[in-house]
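# Structural characterization, general
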Amino acid sequence: MSTENFLENYKLEGEKLEILTYPNPILLKKAEKVTEFNDELRTLCKNMLFTMYKAPGVGLAAPQVGKSIRLFVIDVDYEREKVTRADGTEDYNLSDFHPLVVINPIIKEKDGEQIYEEGCLSVPGVYEEVKRAQHVVLEYQDAYGKTQILDAEDLRAVCVQHENDHLDGIVFLERLSLLKKKFAKKKYLRDQGKE
Ligand code: CO
């Protein structure tokens with residue numbers, strides 16, 4: 001991959017990575033800081049974006065694809081059109097991508113409150129309301145190691161906090177009230193045939 005910004009003119013291409021599901025131990029541990037910003041890292045970013053769009057989801061953190069490093073990708077803006085193919089199967093037509101790669105994030109500011117029904121590609125089938133900050137300011141590095149600032153509100157702020165939690169080994173179920181958490185985990189593990 002060249003050193004040009006691979007996020008410009010993003011095209012839906014890459015390798016679909018396997019998404020680990022809760023309670024895989026990689027999802028439960030704190031991820032390591034990224035120290036090398038090389039082509040290998042950028043290929044991982046590209047494949048994570050591809051995997052996220054194909055899911056389709058709005059965010060994906062490296063631990064979810066088995067890499068315990070402080071990296072996540074998000075896009076809360078792209079277009080998803082559900083289509084039925086000639087053979088009767090359903091698929092999505094995706095367009096208008098706004099990919100963002102976030103590495104070694106630090107939440108600098110947090111304010112307000114919002115409640116949003118969250119889901120997670122690593123906790124399939126579970127959707128629960130979670131209370132988060134309405135606005136966050138994030139300092140992070142891009143795929144070339146350059147420091148950047150992200151000012152995020154509403155859904156983008158939800159997504160940033162959800163993905164940032166993944167880097168600390170926290171799945172969104174942990175953000176629920178004690179009773180809801182217990183119920184949601186039990187139901188999830190039963191549905192997954194893990195209990
Ligand atoms: Co998630």
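The structure presented is a predicted model; accordingly, all values stated were derived computationally and were not measured.

With that out of the way, let us pick up the side chain of His166. Within the element layout of this structure, His166 appears in helix α2 (residues 154-167). Of the residues examined, His166 reaches a relative accessible area of 1% and is grouped as buried. In this structure, His166 is in contact with Lys29, Ala61, Pro63, Gln64, Cys120 and Val171, ignoring residues within four places of it in sequence.

In space, the 5 strands of this open sheet follow the order β1-β2-β5-β8-β9, with antiparallel pairing throughout. The strands lining the two open edges of the sheet, one partner per strand, are β1 (59-61) and β9 (147-153). Between one strand and the next, the sheet's axes are offset by a mean angle of 40°, whatever the strand orientation. Of the pairings in the sheet, the one linking β1 to strand β2 (residues 71-74) comprises 3 bridges and is antiparallel in character. When the bridges of β2 are listed, Ala61 appears paired with Phe72. The sheet contacts of helix α1 (residues 39-54) involve β1, β2 and β5 (100-111), and relative to β2 the element is tilted by about 40°.

Moving on, we come to the coordination of the cobalt ion. Ligation of the cobalt ion by protein atoms is provided by Cys120 (SG), His162 (NE2) and His166 (NE2), these donors lying 2.1 to 2.2 Å from the ion. Sequence positions of the residues that donate to the cobalt ion give the spacing C-x41-H-x3-H. Taken together, the positions of His162 and His166, both in helix α2 and 4 residues apart, correspond to about one turn of that helix. Considered together, His162 and His166 belong to a single accessibility category, that of buried residues.

We describe a pair of aromatic rings using the distance from one ring centre to the other and the angle between the two ring planes. Enumeration according to the criterion identifies 6 aromatic pairs in this entry. Centroid distance Tyr78 to Phe97: 6.1 Å. Interplanar angle 35°. Geometry classified as tilted. Placement of the pair is Tyr78 in the loop between β2 and β3 (79-84) and Phe97 in the loop between β4 (90-95) and β5, with a sequence separation of 19 residues. When sorted by exposure, Tyr78 lands in the same class as Phe97, which is buried. Through pairs of rings, three or more aromatic residues link up here, namely Tyr10, Tyr53, Tyr78 and Phe97.

The next thing to look at is the side chain of Asp142. Mapped onto the secondary structure, Asp142 falls in the loop between β8 (135-141) and β9. Although Asp142 is buried, it forms no salt bridge, and the closest oppositely charged side chain is Lys146 at an N-O distance of 5.7 Å. Setting aside residues up to four positions removed in sequence, Asp142 forms contacts with Phe37, Val101, Ile103 and Gln148.

Turning next to the environment of Leu94. Within the fold, Leu94 resides in strand β4. Given a relative accessible area of 18%, Leu94 falls into the buried group. Sequence-wise, Leu94 and Leu189 are 95 residues apart; in three dimensions their C-alpha atoms are separated by 31 Å. Dropping the residues within four chain positions of it, Leu94 is found in contact with Leu12, Tyr53, Tyr78, Glu79 and Arg80.

The rules we used
All residue numbers refer to position in the chain's written sequence, counted from 1. Only residues with pLDDT of 70 or above have their local features reported here, since the model is predicted, and side-chain atom pairs are shown and tallied only from 80 upward, although totals for entire chains, interfaces and linings are computed over all residues. Side-chain calculation: all heavy atoms of the structure are included, whereas hydrogens and water are not. Under the DSSP-based scheme used, a helix requires at least four consecutive residues in state H or I and a strand at least two consecutive residues in state E, with every element numbered from the N terminus. Relative accessibility thresholds used throughout: buried, under 20% of the residue-type maximum; exposed, over 50%; partly exposed, between the two (1.4 Å probe, protein chains only). Contacts: residue pairs with any heavy atoms within 4.5 Å of one another. Here, strands pair whenever DSSP counts at least two bridges between them. With axes taken as lines fitted to C-alpha atoms, and helix axes fitted only over the stretch in contact, angles between N-to-C directions fall between 0 and 180 degrees. In this listing, donors mean N, O and S atoms no farther than 2.8 Å from the metal, or 3.2 Å for Na, K and Ca; water is missing from the atoms, so a site can look incomplete. Two rings from Phe, Tyr or Trp (for Trp, the six-membered ring) form a pair when their centres sit within 6.5 Å of each other. Planes less than 30 degrees apart are called stacked, planes more than 60 degrees apart edge-to-face, and all others tilted. All tallies of charge rest on Lys and Arg as positive and Asp and Glu as negative; His and the ends of each chain are not included. Put simply, a salt bridge is a Lys or Arg side-chain nitrogen that is within 4 Å of an Asp or Glu carboxyl oxygen.

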